[in-house]
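Each chain is listed here by its residues.
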Amino acid sequence: FYGHAGEGDESQFYLPSGLPLVLIHTVNAVEPYDKVNDIGCYVRIIHTDHSYVMDTATTRLRGNASTQFPKKPYRIKMDAKQKVLGMPSNKHWCLMAAADDNLGFLRMPLGHMISEAIGLRWTPRLVPVELVLNNKYVGLYFMTEHVRVGSKRVNIEEQIEGETQADLITGGWLVEIDNYQTENNITFTEGNGQDIMVSLKDPEIISAEQRNYIVNQMLEINTALYEKTPQHIERILDMKEAAKYYLVQEIMGDCESYHGSCYLYKDRDSLGMVDKWKFGPVWDFGNSYRSYHHNGWIYERPQFAQYWIGQLATWPSFQKELSEQWWIYYHTKKDDVRAQLTEISKLITQAAKNDAVVWRNTLNYTDNSNMTEKTNSILEQYDWRIQWLYSKLGEGTKPSTTGDIQISTPEETTKKIMRDGQVVIIRNGVEYNMLGGRMK
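Remember, it's a predicted structure, so these values are computed and weren't measured experimentally.

Draft legend 1. Broad picture of the pairing of strand 1 (residues 21-26). The buried count for strand 1 comes to five of six residues, which makes it a mostly enclosed element. Note: strand 1 against strand 2 (residues 39-47), six bridges, orientation antiparallel. Bridged to T26 within strand 2 is C41. Judged from the four bridges that link them, strand 1 and strand 6 (residues 126-133) form a sheet pairing that is parallel.

Draft legend 2. Molecular detail of the sheet that holds strand 10 (residues 195-202). Pairing within the open sheet is antiparallel, and its five strands lie in the order 9-10-8-11-12. Bordering the open sheet on either side are strand 9 (186-189) and strand 12 (278-279), each of which pairs with just one other strand. Inspection of the sheet shows strand 8 (residues 173-178) paired to strand 11 (residues 262-266) by five bridges, in the antiparallel sense. When the bridges of strand 11 are listed, V175 appears paired with L264. Its contacts with the sheet put helix 2 (residues 208-226) on strand 8, strand 9, strand 10 and strand 11, and the angle it makes with strand 9 is roughly 30°.

Draft legend 3. View of the pairing of strand 11. In terms of residue burial, strand 11 counts as a mostly covered element, since five of its five residues are buried. Here strand 11 shows no split at all, with C262, L264 and K266 on one side and Y263 and Y265 on the other all buried.

Draft legend 4. Spotlight on the packing of aromatic side chains. Summed over the entire model, instances satisfying the criterion amount to 11 aromatic pairs. Relative to W388, the ring of W297 lies with its centre 4.9 Å away and its plane at 80°, an arrangement referred to as edge-to-face. Residue W297 is found in the loop between strand 12 and helix 5 (309-312), and its partner W388 is found in helix 8 (residues 371-393); the two are separated by 91 residues along the sequence. Neither residue differs from the other here; W297 and W388 are each classed as buried. Here Y330 and Y390 contribute two aromatic rings whose centre-to-centre distance is 5.1 Å and whose plane-to-plane angle is 45°, an arrangement assigned as tilted. Of this pair, Y330 sits in helix 6 (residues 316-332) while Y390 sits in helix 8, placing them 60 residues apart in sequence. Judged on exposure class, the residue Y330 and its partner Y390 are both buried. A network of ring pairs unites the aromatic residues Y245, Y258 and F279 as a single cluster. The ring of Y141 has K71 sitting right over it, with the charged end atom 4.9 Å from the ring centre.

Quick notes on the rules
- Position numbers for residues count from 1 along each chain, tracking the sequence in the order it is written.
- Per-residue local features are limited, in this predicted model, to residues with pLDDT of at least 70; the limit for side-chain atom pairs, both in listing and counting, is 80 or more; totals at the level of whole chains, interfaces and linings are taken over all residues.
- With hydrogens and water excluded, all non-hydrogen atoms of the structure serve as input to the side-chain values.
- Exposed residues in this analysis have more than 50% of their type's maximum accessible area, buried residues have under 20%, and partly exposed residues fall in between, with area computed by a 1.4 Å probe over protein chains only.
- Under the scheme used here, helices are H or I runs from DSSP no shorter than 4 residues and strands are E runs no shorter than 2 residues, and both carry numbers assigned from the N terminus.
- Pairs of strands are assigned from DSSP output, requiring at least two bridges between the strands.
- Note on contacts: a residue pair qualifies if any of its non-hydrogen atoms lie within 4.5 Å across the two residues.
- Lines fitted to the C-alpha atoms define the axes, with helices restricted to the stretch that makes contact. Angles between their N-to-C directions range from 0 to 180 degrees.
- Geometry of aromatic contacts follows a simple scheme: Phe, Tyr and Trp rings, the Trp one being its six-membered ring, pair when their centres are within 6.5 Å, and the pair is stacked under 30 degrees between planes, edge-to-face over 60, tilted otherwise.
- Over a ring means this: the NZ of a Lys or the CZ of an Arg is within 6 Å of the ring centre and within 35 degrees of the ring normal.

Shown next, in the form of structure tokens:
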């Protein structure tokens, strides 16, 4: 037992969940209170037969809107690089609270699973844990890799702070389409008249030469998207990675995907070859599946401004890549992801109940203790989104080279859309639903 919620009420005990237990003790038991001031701490992670002693570290709050919830998210910086719960060695980690997730804490895991299945170059790894802060149990969290440049993360040449040499300032760069004003934000007007903010994530301290370079790069992407010269946009933007990133967001129905926490990165140019900008990695699915059964693309009638993507989606080269990525996902990945989500739901079920004991009576908290109900709900929305995308993209386009993909293509495959909007797939005269089940 980790403890209990109230004296004399044994029904409120926190039961062991089997998840790793993260113990953080801060100096003088001061809890992190903002995103700026680091507080010294000692971190230890305990899991089954293994005890990972992390020694000293610092911690502070992380995030923007998420810091307004009573259950806070945290950043941790180890004094030395550490392997954490099977994830590659690094100093920088996040403890994600998912306090606003009313779908069983499953939005973020699902989004990351889809990203991995689609094959974005790097997807931040995450492991569900339970957190004890200064001897107080505070619930279910996800220990997550922090988005930053590194050989096991965003794997590009690291840009030196304050660099001025022309050939060295071409990369690597990690930026974010953002909606919060920061010191190094770049603001400009998109071709459709709406203002975009882009923040520099790495490096954070830059020279005038570096700032001029990155401003010009963002303006060039913006110009290329709205002009009629395919060679320009295809020279500066990696269309395959853009299509992969976009497909993740469409499957998740994420209405805020190109509004904030939307990352792009670029490696250094070399030997006369210009490295293209790439969308990714994925981060923050807090506003996915908010518009239940949203019958439209994520850039149509969005709750938040969706920068660039509406224009990007009109490019034939992007549409071609999207069709191929959809074919791969629909035929070889969608069912595996669904099964993986079911497994992680089982893994965190008891921890979700423990979390509800702590937070259910606090501001804006959604009780996720009934994981069966929550899992069914998110799977229903996932299935619906897959069906809707099939109604728009069909089978997709089989790539000319599929690598290790092994799939037999039926001789005759057609589809029909019923009056109620349901998609029926007809293979060799037999009718199937979108999940492959034979129709009665």
